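# Remarks on the overall topology
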Amino acid sequence: MNKLWTDFANSLWHDWRGDGHTEDRLLMTKWQAAFLETWKLQAPLPIPAGEIAGLQQFRESLRGFAIQLSMDTAITQEMVDAINEKLGLSPATRQLKQDDDAVQMVWLPQEHTWRSVMAEVAASFAQSLAAGLGSRIRICENNNCKWVFLDDTRNRSKRFCDDKMCGNLMKVRRFRERKKSDST
Ligand SMILES: [Zn+2]
């Protein structure tokens, strides 16, 4: 299950095949544009140079919270304070929105900046926690991957971001290790 906040957290991409290579997609204008488009947000492109560090720091905090929650840690006051601080960055107004046959309540940011994007990301994380999804936060068990996701399976058994990719890779690795220990 993909959320605005997991998408943001995963902008620090790790090569899941395992050569330790990382790519900070937050620095790529193409990724920034696709991210805004996907989540129907507006902000200047590319991200102004002076705002990159703040966004990277917030992403680090979010990834840290996700790791803590994935280990069954309770929500801490530190998380609550950090999220509230970001929520306070941008005022928003409520609006009732109707598309097709669904009606939903949305928050409209009053400014179109990366500060308000950060507030929206914080709101998305806050909504996941408020909806009781904190215990479904996972970090892909492929240590090279570290992808953040929400486990939406009924029996809460999802261990990898993608069973066909990381799941298979780990299966092959375990198989090779078994073979190696059998032959010694
Ligand atoms: Zn993975």
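Let me begin by describing the structure that accompanies this report. (Residues numbered from 1 in each chain as written. Predicted model: local features only at pLDDT ≥ 70, side-chain atom pairs only at ≥ 80, totals over all residues. Heavy atoms only, no water.)

## Describing unusual backbone geometry
Worth spelling out the cut-off: What counts as a helix is a DSSP run of H or I of at least four residues, what counts as a strand is a run of E of at least two, and both are numbered from the N terminus. Accessibility here uses a 1.4 Å probe with only protein chains present; expressed as a share of the type maximum, an area under 20% marks a residue as buried, one over 50% as exposed, and anything in between as partly exposed.
Cis geometry is adopted by the peptide bond preceding Pro46, which originates at Leu45 and carries an omega value of -10°. One non-glycine residue, Asp72, lies in positive phi territory at about 70°. Turning to its location among the elements, Asp72 is positioned in the loop between helix 3 (49-70) and helix 4 (77-87). According to the relative accessible area criterion, Asp72 is exposed, its value standing at 67%. One non-glycine residue, Asp100, lies in the positive phi region at around 50°. Its location among the elements puts Asp100 in the loop between strand 3 (92-99) and strand 4 (102-109).

## Things to note about the nonpolar core
Applicable threshold: The definition of a nonpolar core used throughout is a set of buried Ala, Val, Leu, Ile, Met, Phe, Trp, Tyr and Cys residues joined through side-chain atoms within 4.5 Å. Any two residues whose heavy atoms approach within 4.5 Å are treated as being in contact.
If you look at the biggest cluster of nonpolar residues, it comprises 32 residues, and the most contacted ones within it are Trp5, Phe35, Val121, Phe125 and Ile137. Only helix 1 (4-9), helix 2 (29-38), helix 3, helix 4, helix 5 (114-130), strand 5 (137-139) and strand 6 (148-150) provide two or more residues apiece to this core. Residue contacts for Phe35: discarding those within four places in its chain leaves Leu4, Asp7, Phe8, Trp114, Val117 and Val121. Core analysis: the next-biggest nonpolar cluster, separate from the first, contains eight residues, Trp13, Trp16, Cys140 and Cys145 among them.

## A few points about the pattern of salt bridges
The criterion, for reference: The term salt bridge refers to a side-chain nitrogen of Lys or Arg lying within 4 Å of a carboxyl oxygen of Asp or Glu.
Evaluated as defined, the whole model comprises eight salt bridges. Arg115 is paired through a salt bridge with Glu111; the nearest N and O atoms lie 3.6 Å apart. Since its relative accessible area comes to 25%, Glu111 is described here as partly exposed. Between Arg138 and Asp151 there is a salt bridge whose closest N-O contact spans 3.3 Å. Residue Arg138 is found in strand 5, and its partner Asp151 is found in the loop between strand 6 and helix 6 (163-183); the two are separated by 13 residues along the sequence. Residue Arg138 is classed as buried on the basis of its relative accessible area, which comes to 15%.

## Observations regarding the coordination of the zinc ion
Note the cut-off: Only nitrogen, oxygen and sulfur atoms qualify as donors, and only when within 2.8 Å of the metal (3.2 Å in the case of Na, K and Ca); with water excluded, sites may look incomplete. Think of it this way: with four donors and all angles in the 85 to 135 degree range, the site is tetrahedral; with four or six donors, opposite ones beyond 155 degrees and the rest between 65 and 115, it is square planar or octahedral; otherwise it is irregular.
Protein coordination at the zinc ion comes from Cys140 (SG), Cys145 (SG), Cys161 (SG) and Cys166 (SG), with a distance range of 2.3 to 2.4 Å. For the zinc ion, the four donor atoms in the first shell make angles of 105 to 118° at the metal, a pattern classed as tetrahedral. As a motif over one chain, the donors of the zinc ion read C-x4-C-x15-C-x4-C. Of this pair, Cys145 sits in the loop between strand 5 and strand 6 while Cys166 sits in helix 6, placing them 21 residues apart in sequence. Neither Cys145 nor Cys166 differs from the other in exposure class; each is buried.

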